[in-house]
Amino acid sequence: MYFEKIEEFGNLEMSYISDISGGYILRNKHILTNLELNRFTQFILEKCVYGTPIFKLGSGGNRILVISGIHGNELSPQIANVKLLNNMLEKKINNTLYFIPFASPKSTMNNERAFNSMDLNRSAHINDSISNLIIQATDELGINFVGDFHSTAYNSNPGRECVFSSKSPSPESYLIANYVARDVGCEVLSFDYAGSSYKGAVEDVCNLNHIPAITCEVLSPFASVGEGSIERSYLQLTSFLSYFGL
């Protein structure tokens, strides 16, 4: 995977996971209303027109991937991820961070859960799905840890703020989940073995590949932005990074 250095934004580098998933994200009125449209954010959105961009900051240490937008209608984590990327842009980073703020820009644009009728959190094991391409990138980039950030609505599954993890075959998944849950004040939902409940979640496929991963959920109505949900997702994001001393 070739990363291009973006001179305008210091040490930022970027590449693409996919070139078939692009979308005009600001057509989603909830994103437009809640996203701070500075020059860097506009740059991110411009790149999303052409596919799923992945951004890189820092070098050395752990290689950590932060994902949001696997479900396009779960908006708060995507907005929080862009905010985090903005805030990390000028910091000295002692690890290597990769950010995918909009995993499926087309789905986010349309405010839809799925990408072309495919649930990307049930298809990470299916060759060349968008989520599987992310999995392929974790292998190519030598990623050590993954955080996947979602939102959940009342009366859905799980329907409450929580952190998903598993105890095997990547036990550090469980340790990370407990750290984040204690830090932000939410529940841990853990499985004894990754993928035992259903197949194809990004977190599970990573854990099965011996890359410790968690999935964080905040409460927010689907296809909308609940009050305080961006802030709660941002806390989860920063807590995940603080586990690694960031």
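Use the structure listed above.
Every value quoted in this text rests on a predicted model; they were computed, and no experiment measured them.

A. Local environment of the pairing of strand β8 (residues 187-191). Two strands pair when backbone bridges link them, and strand β7 (residues 162-166) and β8 are joined in this way by five bridges, in the parallel orientation. The partner of Ser 165 across the bridge, within β8, is Ser 190. Once you follow β7 into helix α6 (residues 172-184) and on to β8, the crossover reads as right-handed.

B. Spotlight on a nonpolar patch on the surface. Judged by side-chain polarity, Leu 26, Leu 32 and Leu 37 come together as a nonpolar surface patch covering roughly 220 Å² of accessible area. Inspection of the secondary structure puts Leu 32 in helix α1 (residues 29-34). For Leu 32, a relative accessible area of 42% translates into the label partly exposed.

C. How the structure looks around the nonpolar core. Ranked by internal contacts, the top residues of the largest apolar core, which has 46 residues, are Leu 12, Phe 99 and Phe 240. In terms of residue count, helix α3 (residues 75-88) provides more of this core than any other element does, seven residues in total. In contact with Leu 12, other than residues within four places in its own chain, are Glu 4, Lys 5, Ile 6, Phe 40, Phe 43, Phe 55, Lys 56, Leu 57 and Leu 89.

D. How the structure looks around the layout of surface pockets. Taken as a whole, the largest pocket spans an internal volume of roughly 300 Å³. What lines the largest pocket is a set of 20 residues, and nearest its centre among them are Arg 122, Asn 157, Phe 164, Tyr 198 and Glu 217. Secondary-structure elements contributing two or more residues to the lining of the largest pocket are β6 (145-152), β8, α7 (202-208) and β9 (213-219). The greatest single-element share of the lining of the largest pocket, amounting to three residues, is contributed by β6. Of the pockets and cavities examined, the second largest pocket occupies roughly 170 Å³. Lining the second largest pocket are Asn 34, Leu 35, Glu 36, Asn 38, Thr 41, Ile 79, Val 82, Lys 83, Asn 86, Asn 87, Ile 230 and Glu 231. Elements represented by at least two residues in the lining of the second largest pocket include exactly α3 and α8 (229-242). Residues of the lining of the second largest pocket, tallied by class, amount to four nonpolar, five polar and three charged.

Cut-offs used in this document
- Residues numbered from 1 in each chain as written.
- Predicted model: local features only at pLDDT ≥ 70, side-chain atom pairs only at ≥ 80, totals over all residues.
- Heavy atoms only, no water.
- Pairing = 2+ DSSP bridges.
- Helix = DSSP H or I, 4+ residues; strand = E, 2+ residues; numbered from the N terminus.
- Right-handed = clockwise from strand over helix to strand, strands pointing away.
- Patch = residues over 30% accessible without salt bridge, like charges linked within 9 Å, V, L, I, M, F, W, Y side chains within 5 Å.
- Areas by Shrake-Rupley, 256 points an atom, 1.4 Å probe, with all protein chains shown as cover.
- Salt bridge = Lys/Arg side-chain N within 4 Å of Asp/Glu carboxyl O.
- Buried < 20%, exposed > 50% of the residue type's maximum accessible area, 1.4 Å probe, protein only.
- Core = buried A, V, L, I, M, F, W, Y, C linked by side-chain atoms within 4.5 Å.
- Contact = heavy atoms within 4.5 Å.
- 1 Å grid on protein atoms, 1.4 Å probe; cavity = no way out; pocket = protein on both sides within 12 Å on 5 of 7 lines; lining within 4 Å.
- Points joined across faces, edges and corners; volume = space filled by probe spheres on them.
- Nonpolar A, V, L, I, M, F, W, Y, C, P; charged D, E, K, R; others polar.

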